[in-house]
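Spelled out, the chains give:
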Amino acid sequence: MVVGLPKRWSFLGFFIAFLFLTPLLALLATAAFPDGEVFAHLADTVLPTYILNTLLLMLGVGLLSALLAIPAAWLVARCEVPGRRFFQWALLLPLAMPAYVVAYVYTDLLDYPGPIQRTLRALLGIDSGADYWFPDIRSLGGATLILALVLFPYIFLLARTAFMEQSLSLLQASRLMGASERESFWRLALPMARPAIAAGVALVAMETAADFATVSYFAVPTLTTAVYDTWLGYGSLASASKLSMIILVAVFLLIWLERFARRRQQLFQRQALTGQIPRLHLGRWRWLGLGYCSLLLFLSFLLPLGILLGYAVRYFDLSWQGDFWRYSWNSFSLSAIAAVLCVVFALALLFIARISPRAQDAMPARLASTGYALPGTVLAIGVLGPLTWLDFGLNDFCAWLGIDGPGLLFTGSTIALIFAFCVRFIAIAIGGIENSWRRLSPSLDMAALSMGRGPIALFFKVHLPLLRTGILASLLLVFIEAMKELPAALLLRPIGFENLATKVFEYVSDERLEQGALGAIVIVLVGLIPLVFLNRSIEKES
């Protein structure tokens, strides 16, 4: 803490926070603008369908994800199952797989001309699809299944941790009272893990509400597709903002529920006595547990990855072209710039919060992190507003000076994309660096200040070298998330600009994933890196 720190440091912190809050503020302002009759027309016709589909999708994906994740979490955490240590991290791998790629793979398998229905028709001697019934994968139910296969690891991770941290003494008490293993699970272990499961379901529902690519591929109308269609189809930014506000209300409600559930989880954990719980020996049923975990991993990750690898090998000549390197470079350069900017701003906000004697200077870092809660589609609408005003203002100013304006300098270039990535992912940089900063003793600051060093010297000579690991980890995590971000890139990319995510989605939409398989594999491989970090972190803690 620097006594007498000038107030310009506080001003700098709040100014940076304001920059990162402008999309949310612009969204609120734009939603208040009159929009003609577009929103009223939507409200009278299709808006109830959008809202109903979104709610059904969130509910269905949450329930199905929980049904998939809880048995796997119980088997891995509390039972002796062959391959248990392998499944602890392997069942997190589906998080690296883009949901729209999985949607394409399963549509290719399960659709009418796909191999499964062809085999069934051949075995049963049926010639026409009118002679039998088969579930339609291109439906709300199909989207629910695909999103649950990709998102269930959120619940698996939290439920597994909750099962592992439960009290040995409570379990022993239940056994002394005559409860069987099954009764202990239903009446003790599952209720105690309920806050963690509820938090996981809330995260899954939040990701489902933000999904655009999967529901768009299956042509399921939801609020995210409504925002996209209203903006690009009707050209009404105000109506798109109003729809975005409905999504935001749902997301912030889910965030509140998730934090409420975590608070209850912490309370339970504090009350519980710790101890090593002996794992349950399942006898011959252990093979059934092994089969369940293996099937879940196969359907959610290995099967889509295997098909992608097959496409990549078979259509290598189509994928390995000059454009592949251009799209890769676009993804790499944008993600790298966004990662560096996020880390720089995060360092500035956290340093001010650390050295300032004023309690309110901790607020800018929290305010700047709000953007992570915004779904990509909503964020794109919010980013477009202030940057459009800047473009018009700059061109009007140039006209007033009698010189040619720069045109769409902000909204017509990659500046909008980089800004959106920074708003969305600075929370990751703040979280990563803050953890490293907390490990530095305040006595280091006092020693440097007592030797006559100022705040700038304290940062560059003392803090920065000690934060190197946290900074590198944050750079990597932001880079990876920016590489994978699709909705904001789709809506804010300049005309003619493509990166790996948008190009792979374009191939998926055109039913030509074979040509984009190589790019999809790159996205999956990049997405595996944070999972490795996450797993190593959990292992260290345990």
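Details of the structure are given in the entry above.
What comes next concerns the included structure. Since we're looking at a predicted model, the values are computed, not measured.

Reading the values: rules and limits
- Residues numbered from 1 in each chain as written.
- Predicted model: local features only at pLDDT ≥ 70, side-chain atom pairs only at ≥ 80, totals over all residues.
- Heavy atoms only, no water.
- Helix = DSSP H or I, 4+ residues; strand = E, 2+ residues; numbered from the N terminus.
- Rg over C-alpha atoms; globule rule 2.2 N^0.38 Å.
- Buried < 20%, exposed > 50% of the residue type's maximum accessible area, 1.4 Å probe, protein only.
- Contact = heavy atoms within 4.5 Å.
- Areas by Shrake-Rupley, 256 points an atom, 1.4 Å probe, with all protein chains shown as cover.
- Lys, Arg positive; Asp, Glu negative; His and termini not counted.
- Charge placed at Lys NZ, Arg CZ, Asp CG, Glu CD.
- Salt bridge = Lys/Arg side-chain N within 4 Å of Asp/Glu carboxyl O.
- Core = buried A, V, L, I, M, F, W, Y, C linked by side-chain atoms within 4.5 Å.
- Axes fitted to C-alpha atoms, helices over the stretch in contact; angles between N-to-C directions.
- Parallel < 35°, antiparallel > 145°, perpendicular 65-115°, else oblique.
- Nonpolar A, V, L, I, M, F, W, Y, C, P; charged D, E, K, R; others polar.
- Phe/Tyr/Trp six-rings, centres within 6.5 Å; stacked < 30°, edge-to-face > 60°.
- Lys NZ or Arg CZ within 6 Å of the ring centre and 35° of its normal.
- Disulfide = S-S within 2.5 Å.
- Left-handed = near helix turned anticlockwise from the far one by under 90°.
- Polar contact = N/O pair within 3.5 Å; in protein donor to acceptor, adjacent residues only side chain to side chain.
- Patch = residues over 30% accessible without salt bridge, like charges linked within 9 Å, V, L, I, M, F, W, Y side chains within 5 Å.

1. Some points on the overall build of the chain
Then comes step 1: Counting secondary structure elements, the chain contains 24 helices and 2 strands.
Then comes step 2: The globule rule puts the C-alpha radius of gyration for 542 residues at 24 Å, and the 26 Å found for the chain is close to it.
Then comes step 3: For the C-alpha atoms alone, the extent of the chain along its principal axes is close to 80 × 60 × 50 Å.
Then comes step 4: Per-residue burial for the chain yields a buried fraction of 52% across its 542 residues.
Then comes step 5: Counting contacts in the chain only where the partners sit at least 6 residues apart, residues at least 24 apart contribute 82% of the total.
Then comes step 6: Accessible surface, the chain: about 25,800 Å² in total, of which carbon and sulfur atoms supply 67%.
Then comes step 7: Charged side chains in the chain number 39 positive and 33 negative. The centres of these two groups are separated by 15 Å.

2. A short note on the pattern of salt bridges
Then comes step 1: For the structure shown, the criterion picks out 10 salt bridges.
Then comes step 2: Taking the shortest distance from any N to any O, the salt bridge between E485 and R424 comes out at 3.5 Å. Here R424 lies in helix α18 (residues 415-438) and E485 lies in the loop between α21 (468-484) and α22 (487-492), a separation of 61 residues in the sequence. The exposure classification of E485 matches that of R424, with both residues buried.
Then comes step 3: Among the charged side chains, a network of salt bridges with common partners joins D111, R138 and E511.

3. Observations regarding the nonpolar core
Then comes step 1: Membership of the largest hydrophobic core comes to 169 residues, with the highest contact counts inside it found for L91, Y100, F156, F163, W437 and L513.
Then comes step 2: With near-sequence residues (within four places) excluded, L513 lies in contact with V101, Y104, V105, L308, Y311, V504, Y507 and V508.

4. Remarks on unusual backbone geometry
Then comes step 1: A positive phi angle, near 60 degrees, is found at A219, a position not held by glycine.
Then comes step 2: Tracing the backbone shows A219 in the loop between α10 (213-217) and α11 (223-234).

5. Re the side chain of N330
Then comes step 1: As for its position among the elements, N330 is in helix α15 (residues 322-355).
Then comes step 2: In this structure, N330 is in contact with F497, E498 and N499, ignoring residues within four places of it in sequence.

6. Thoughts on the packing of helix α1 (residues 7-32) against helix α17 (residues 376-401)
Then comes step 1: Their axes nearest at 8 Å, the elements α1 and α17 cross at an angle of 85 degrees. Compared by their axis directions, α1 and α17 come out roughly perpendicular. When α1 is examined against α17, the residues T22, P23, A26, L27 and T30 are found in contact with a partner set consisting of V378, L379, I381, G382, V383, P386 and W389.
Then comes step 2: Of the residues in the contact of α1 with α17, the class split is 9 nonpolar, 3 polar and no charged.

7. Some points on the packing of aromatic side chains
Then comes step 1: In this structure the tally under the stated criterion is 24 aromatic pairs.
Then comes step 2: Judged by centre distance (6.3 Å) and plane angle (20 degrees), the ring pair of F11 and F15 falls under stacked. Of this pair, F11 and F15 both sit in helix α1, 4 residues apart, which is roughly one turn of that helix.
Then comes step 3: F15 sits in the partly exposed class, given a relative accessible area of 42%.
Then comes step 4: A network of ring pairs unites the aromatic residues W9, F351, W437, F459 and F460 as a single cluster.
Then comes step 5: Here R121 stacks its cationic end above the ring of Y112, 4.0 Å away from the centre of that ring.

8. Quick notes on the state of the cysteines
Then comes step 1: A complete count under the given rule lists 0 disulfides for this structure.
Then comes step 2: Sulfur of C79: no disulfide; nearest cysteine sulfur belongs to C293 and is 9.4 Å away.
Then comes step 3: Considering cysteine sulfurs only, C342 is the nearest to C422, which forms no disulfide, with 4.2 Å between them.

9. Section: the packing of helix α3 (residues 47-78) against helix α7 (residues 140-164)
Then comes step 1: The geometry of α3 relative to α7 is characterised by a closest axis approach of 5 Å and an angle of 40 degrees between their N-to-C directions. The pairing of α3 with α7 is recorded here as oblique in orientation. Viewed along their axes, α3 and α7 form a crossing whose handedness is right-handed.
Then comes step 2: Taken together, the residues that form the contact of α3 with α7 break down as 26 nonpolar, 5 polar and 2 charged.

10. A closer look at the environment of A196
Then comes step 1: Along the chain, A196 falls in helix α9 (residues 181-210).
Then comes step 2: A residue is classified by how much of its surface remains accessible, and A196, at 1% relative accessible area, is buried.
Then comes step 3: It is 36 Å that separates the C-alpha atoms of A196 and P357, two residues lying 161 residues apart in sequence.

11. Examining the side chain of T230
Then comes step 1: Summarising the element assignment, T230 is placed in helix α11.
Then comes step 2: In this structure the side chain of T230 is engaged in a polar contact, spanning 2.6 Å, whose partner is the backbone oxygen of A226.
Then comes step 3: Once residues within four sequence positions are removed from consideration, T230 is found in contact with V38, L42, G235, S236, S239, A240 and L243.

12. Observations concerning a nonpolar patch on the surface
Then comes step 1: A cluster of nonpolar side chains, contributed by F11, F15, F18, L19, L25 and L28, occupies part of the molecular surface with about 580 Å² of accessible area.
Then comes step 2: Taking relative accessible area as the criterion, L25 reaches 40% and is therefore assigned partly exposed.

13. Examining the environment of I426
Then comes step 1: Assignment of secondary structure puts I426 in helix α18.
Then comes step 2: For the pair I426 and R118, spaced 308 residues apart in sequence, the C-alpha separation works out to 48 Å.
Then comes step 3: Contacts of I426, omitting those with residues within four sequence positions, involve F20, C342, F345, A346, L349 and A368.

14. Notes on the environment of G385
Then comes step 1: As for its position among the elements, G385 is in helix α17.
Then comes step 2: When the C-alpha positions of G385 and T411 are compared, they lie 9.4 Å apart, and in sequence the two are 26 residues distant.

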